[in-house]
Amino acid sequence: MNRRRPQNAAVPLHLLKLSLGFAFLQLLGGEAAVVLEGNAYHGLLVAINPAIPEDQKIIASIKEMITEASFYLFNATQRRVYLGNISILIPSTWKAYAYAKPKQDLYTKADVIVAPPYWKHGNDPYTLQYGGCGEKGKYIHFTPDFLINDDLIGIYGSRGRLFVHEWAHLQWGVFDEYDSEKPFYISGQNQVKVTRCSSDLTGIYVCEKQSCTQGNCVIDQVTGLLKEGCTFIHDKDQNASSSIMYMQSLSSVFRFCDASNHNIDAPNLQNRMCSYKSTWDVIMDSDDFKSNLPLASYSSPMPPTFSLLQATDRVICLVLDVSSSMNENNRLHRMRQAAEVYLLQIVEQNSYVGIVTFNNSGEVKSPIRQIINDDVRKQLASNLPVASFGERTSLCAGLQLGLEEIKKHNGDASSSEIILLTSRDDSTFSKCFSDVINSGSIIHTIALGPFASTELEKLGRMTGGLSFFATDRPDSNSLMDVFTAIAAGHGDVSDQPVQMESAAERVKAYSQINRTTTIDCTVGRNTFFVATWQINKPTITLRDPRGKSYTTEDFDVDPILHIARLQIPGIAWVGDWTYTLTNTHVLPDVFTMTTTSRVVKSDVSAISVRVHTNKDTNSYPSPMIVYAQVNQGFSPILGANVTAIIEPENGDPIILDLFDNGAGADVFKNDGVYSKYLFSFTRNGRYSLKVHVQRDNKTIGPYLTILWSNAMYIPGYLENGTIQMNAPRPLMKSEDTQIRSGGFRRITSGGSFSVSAVPTGPYTDVFPPCKITDLDARIEGDKVVLTWTAPGDDFDQGQAVGYEIRASGSPLELRDNFENAASMNISRLTPQEAGYKETFMFKPEAFATANITLIYMAIRTVDKAFLYSDISNIAQAVAFLPQKDILIAHGKNNALTIVLTTCGILVAALCLIITATVWNLKKKKNMAFEEAVL
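Structural notes, computed from the coordinates. For every chain, the first residue of its written sequence is number 1, and the numbers climb from 1 along that sequence. Since the coordinates come from a predicted model, pLDDT governs what is reported: local features require at least 70, and pairs of side-chain atoms require 80 or more to be given and counted, while whole-chain, interface and lining totals use all residues. The side-chain quantities take in all heavy atoms of the structure and omit both hydrogens and water.

### So, the pattern of salt bridges
And then number 1: Salt bridge, as applied in this entry: a Lys or Arg side-chain nitrogen positioned within 4 Å of an Asp or Glu carboxyl oxygen. Inspection of every chain in the model, using the stated rule, returns 30 salt bridges.
And then number 2: Where Asp 412 meets Lys 101, a salt bridge forms, and the shortest distance between an N and an O atom there is 3.0 Å. With Asp 412 in the loop between helix H11 (395–410) and strand E18 (417–422) and Lys 101 in the loop between strand E5 (85–90) and strand E6 (112–114), the pair connects residues that are 311 residues apart, well separated along the chain.
And then number 3: The classification of residues rests on relative accessible area computed with a 1.4 Å probe and restricted to protein chains. Under 20% of the type maximum is buried, over 50% is exposed, and intermediate values are partly exposed. Given a relative accessible area of 30%, Lys 101 falls into the partly exposed group.
And then number 4: Arg 729 is paired through a salt bridge with Asp 124; the nearest N and O atoms lie 2.7 Å apart. Placement of Arg 729 in the loop between strand E39 (722–725) and strand E40 (744–756) and of Asp 124 in the loop between E6 and strand E7 (126–128) is noted, with a sequence separation of 605 residues between them.
And then number 5: Residue classification places Asp 124 among the buried positions, given a relative accessible area of 9%.
And then number 6: Through salt bridges with shared partners, a single ionic network connects Glu 328, Arg 331, Arg 334 and Asp 472. Working definition: helices are DSSP H or I runs of at least four residues, strands are E runs of at least two. Numbering for both runs from the N terminus.

Structure, rendered in structure tokens:
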């Protein structure tokens, strides 16, 4: 309900400008997301997961952290930006206080989440970040323990400073300047260095593990680097001011690394992903700073303001098109089938649901009712429309009537949801956008067929809703999949449906389809098998893993709606379920089968799939990327077969296999995010996206997956000559290493997107090979071995024609003047099919000079149309002659430098000097030495 401000209540000018600014941004299509207005970020949403027990200290800690972060961010960006209005979304499971009611604020849309750990053992904050350099992340994840346990401040640093570190990942798409996989490297000055930025940061080496010899750090004879067990302990008191993406916890650090102090030698993710650009250069290239100027020196930012919101019960209204266009292509019948499945088995228990239909005017078919039992579900389903008529369609009439019904029940429409389905265009649709947005309702849109209004997706984005498209193809089950995918966005997945099967097939006369689906150990409660047909009922046979059979007689059959449903009693058996649909008639028919279930018990996390593309609209020939994130809770699922099915408005679907191999479109290997480029569009218009995920009954692992951009676990500090060590990082337990048995299947709809400018006739090849992102170099004997994943002729598909490999002593030469770097003879190297592993070996003598001990290499690929890929990531190699392990010994001077000298092929020598003060620490069974900055 809209509330009027009293006429005598003045509105401060700056607040009036702010509210008008937000309204304008929303009308431009901005959903509930962060926006930069002036120098302040507004609309940041922090959401607490419903699985977190109530603790008011969490809210207080969030406020304190973000307040500290705002001032630190302001200084770090040289007075450019700070944090303004912040919303904290509190779950409905917590006690109700004087919290405000959210509008379009959902847990699933949050920028920051407070949730259980990614792994059972840890509290590492991290940012879900699987785009390229400069691409925004998805969310920042904090655990409750991180927020309320002050003991963790010594391990991760101050919460506000760490928030800014993660904010840079989220908002600007930069990467970490440390690397736990490669903590040391050989610098361009032939020194063993710590992977860091800036290199001005000082500290000592400490060795505590068994790989050390008598407590000493050891140089590996093959790599020339320190063996495992040696770690770098920073001086707590520093002079260096950079960098926030390395050690923001140090009191002296208040800047990002820029071009003046960026460490191009360090083998960190920032260098690899951003082609050796400094963090500050990437930040300044973002949209935030293209026209953003620093505040005047006398201006100071105000502290952030916080709004506390509490999630409420789910209130939904189905607003369904019943104009005459729904008579075409069996649309009304298919809509009734899908909506009935939604009401009977998908929408969560205790939700409030109503039904409105519309053509040129609206009609209430069922007022808002709470789903408290199966009888209410059946009564709602019985009110679904049975006829369609009317040549005109008024989407606004349907929406406004739906909002009125919600307000009758709820007082206002804030945080309610409307599922709007239509098959027709409406030129007046946008006239009610302002009212709908201001209502606070979330609008999920379904475009059925090729002629639905082109404004649907825009309204969905403006209100934070989902947008879907369902094709008219008779052998598609897309509409059923769409309704199954519209789950609550409050973050509580304990009562949300999981879809395991979605099959649709045209079956010839007297023929049958035989398929198998899998019910895994995480689901099995409220399991439904639903079959549909177009003309004649099939003969149905379903067999469970024990061999028990269900037949057509066991299904609840609706002969008018052409749907048969079977609910498995109790908990469904784990394993493979086989079904057969037999056409016993003379006419061909289209049969479908849909299987859904729920988690077996509330404390078990089901395997879930989150699907999306990197953009909602696209113009040919620009490529898109399809992502599927497969998790159980927050833990990634590896070794799955993931297939995307992309259906256009007309024509055959596009089938795309997605991979988690760290190549092409996939940024991180084995992180549970499967991806691939999508570019072979067949026509303009809408496309729907659905993903099939399957893993056979086999053991996977052990893979130790890594976090996305996780915060550094600081081992300790050196303060006043004394080493203060933190507790060791907890060891990963065996159940956390992806050693899991058992198969599973998932089907998830990923919404819709639209494509324009697709040529109507045959097109010329405009798609180059994709950039190689996983080039790696290692030493084997006297050879350098390069490995990478083959790109394709077109991005990551097909087979390219050739490679061009060049080497240099400088990574910047390869980045900026690739054609001028030394070329390698690769005449015998022919690219394999995309996705295969490539290997190339060479001896480094030809590229070594008296002044070069490091070799940097890069590749670009060419296709048959002479289109070149972007230059690959740059790999580094250092060669050594075999020698005995070199131990750290103590000397008399104050500084120590690990120096590598060159003689012939790269030969390592070591000069080690230790201070007497550090040597005295040996009595603590630690050996430390100081690194000098040369």
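### Remarks on the packing of aromatic side chains
And then number 1: Here is the rule: rings of Phe, Tyr and Trp (six-membered ring for Trp) pair when centre to centre is within 6.5 Å. Planes less than 30 degrees apart are stacked, more than 60 are edge-to-face, and the remainder are tilted. For the structure shown, the criterion picks out 30 aromatic pairs.
And then number 2: Judged by centre distance (5.7 Å) and plane angle (40 degrees), the ring pair of Phe 184 and Tyr 205 falls under tilted. Placement of Phe 184 in strand E9 (residues 184–186) and of Tyr 205 in strand E11 (residues 203–207) is noted, with a sequence separation of 21 residues between them.
And then number 3: A centroid spacing of 6.3 Å and a plane angle of 15 degrees characterise the contact between Phe 256 and Trp 280, whose relative ring orientation is stacked. Of this pair, Phe 256 sits in the loop between helix H6 (244–247) and helix H7 (269–273) while Trp 280 is found in helix H8 (residues 279–284), placing the two residues 24 residues apart along the sequence. Summarising the burial analysis for this pair, Phe 256 and Trp 280 share the class buried.
And then number 4: Among the aromatic residues, those joined into a ring-pair cluster are Tyr 41, Phe 142, Phe 146, Tyr 156, Phe 163, Trp 167 and Tyr 713.
And then number 5: Positioned over the ring face of Tyr 717 is Lys 236, at 5.1 Å from the centre of the ring.
And then number 6: Criterion for a charge above a ring: Lys NZ or Arg CZ within 6 Å of the ring centre, and within 35 degrees of the ring normal. Sitting above the plane of the Phe 818 ring, Arg 806 keeps its charged end 5.7 Å from the centroid.

### Considerations on the environment of Lys 378
And then number 1: Residue placement: Lys 378 occurs in helix H10 (residues 374–382).
And then number 2: On the basis of relative accessibility, which here comes to 53%, the residue Lys 378 falls in the exposed class.
And then number 3: For the pair Lys 378 and Glu 340, spaced 38 residues apart in the sequence, the C-alpha separation amounts to 8.5 Å.

### Some thoughts on the side chain of Asp 589
And then number 1: Relative to the assigned elements, Asp 589 resides in strand E29 (residues 589–599).
And then number 2: Charge counting follows a simple rule: Lys and Arg are positive, Asp and Glu are negative, and His as well as the terminal groups are ignored. Buried charged residue Asp 589 carries no salt bridge. Nearest counter-charge: Arg 506, at 7.2 Å.
And then number 3: Polar contacts involving the side chain of Asp 589 include one to the main-chain amide nitrogen of Ile 535, which spans 3.0 Å.
And then number 4: From its side chain, Asp 589 meets the backbone nitrogen of Asn 536 in a polar contact 2.9 Å long.
And then number 5: Those residues in contact with Asp 589 that lie beyond four places of it in its chain are Glu 505, Arg 506, Val 507, Trp 533, Gln 534, Ile 535, Asn 536 and Asn 583. Pairing of N or O atoms within 3.5 Å defines a polar contact, subject to two protein rules: one partner must be a possible hydrogen donor and the other a possible acceptor, and residues neighboring in sequence count only if both atoms are side-chain atoms. It only takes one pair of heavy atoms within 4.5 Å for two residues to be counted as in contact.

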